[in-house]
Amino acid sequence: MAGQINYFEDRVDWEGCFIQKLTCSEEIPVNERIFALASCALTPTSLNCRIWSFECFPKDSACLSWTIKNSKNEQLKARAFKNGSFSLSLADEEKKDRLTCYLISGEDLQGEYWGSVFSVPLDVILEFLEIKSLQSGDEIYMEMKKEGCCPSVFSGFLKITF
């Protein structure tokens, strides 16, 4: 699958971002599937992701995460839990101090949702990917997940668009 990372010179305008649907396994009965969405945005100083899941009563152990792999197959993984805790690991080393993360919740025409907004400094991303910069048209392979009772997943390339 392919998606898009929108670029913003200043602050992220989530309303203007491409939205990627996270899908459940076909093995999960339709009435038990959870509807989840994700967006990614790049600014001159950070990579930002927003993942939100439509469910009325998520478990405290429910988790939203995104993962990037580098050429050494190491993972940079950000996670946020419904109970308010969060983590950032870089090649299995905890880097929580490099992650800004907060929970969101609300209700709209699609139902009740909860989610998280993640922000990681761009220098952390560039160093991890072992590159000097990101350009329009570059692609990052990213996996975004809603983990818990019904895992929802997006795995694919996200193309940066300036």
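These remarks concern the structure in this document. (Residues numbered from 1 in each chain as written. Predicted model: local features only at pLDDT ≥ 70, side-chain atom pairs only at ≥ 80, totals over all residues. Heavy atoms only, no water.)

## Here's the deal with unusual backbone geometry
Selection rule: A run of H or I in DSSP counts as a helix once it spans at least four residues, and a run of E counts as a strand once it spans at least two, with each numbered from the N terminus. Summary of the burial criterion: residues with accessible area below 20% of their type's maximum are buried, those above 50% are exposed, and those between are partly exposed, where the area comes from a 1.4 Å probe applied to protein chains only.
The phi dihedral of Ala91 is positive, around 55°, even though this residue is not glycine. Looking at the secondary structure, you find Ala91 in the loop between β7 (86-90) and β8 (93-94). Look at Ala91 and you get partly exposed, because its relative accessible area is 32%.

## Points about the nonpolar core
Keep this limit in mind: Here, nonpolar core refers to any group of buried Ala, Val, Leu, Ile, Met, Phe, Trp, Tyr and Cys residues whose side-chain atoms link them within 4.5 Å. In what follows, a contact means two residues having at least one pair of non-hydrogen atoms within 4.5 Å.
One finds Trp66, Ile68, Phe118, Ile125, Met142 and Met144 to be the most contacted residues of the largest nonpolar core, which totals 36 residues. Here this core gets 6 residues from one element, more than from any other, and that element is helix α1 (residues 122-129). Those residues in contact with Ile68 that lie beyond four places of it in its chain are Leu47, Glu74, Gln75, Leu76, Ile125, Phe128, Leu129, Ile140, Tyr141 and Met142. Within the second largest apolar cluster, 6 residues are counted, among which are Phe8, Val12, Trp14 and Ala41.

## A closer look at the side chain of Thr67
Residue placement: Thr67 occurs in strand β5 (residues 63-69). With residues up to four places along the chain from it excluded, the contact list for Thr67 reads Gln75, Leu76, Lys77, Tyr141, Met142 and Glu143.

## Notes on the packing of aromatic side chains
The test is simple: For this analysis, a ring pair means two rings from Phe, Tyr or Trp (six-membered ring only for Trp) whose centres lie within 6.5 Å, classed as stacked if their planes differ by under 30 degrees, edge-to-face if by over 60, and tilted for the remaining angles.
Counted under the stated rule, the structure contains 3 aromatic pairs. Taken together, a centroid distance of 6.4 Å and an interplanar angle of 90° make the contact between Trp66 and Phe118 edge-to-face. Note that Trp66 is positioned in strand β5 and Phe118 in strand β10 (residues 111-121), a separation of 52 residues in sequence. Both residues of the pair, Trp66 and Phe118, belong to the buried class. Members of the aromatic cluster, each reached through a chain of ring pairs, are Phe35, Phe54 and Tyr113.

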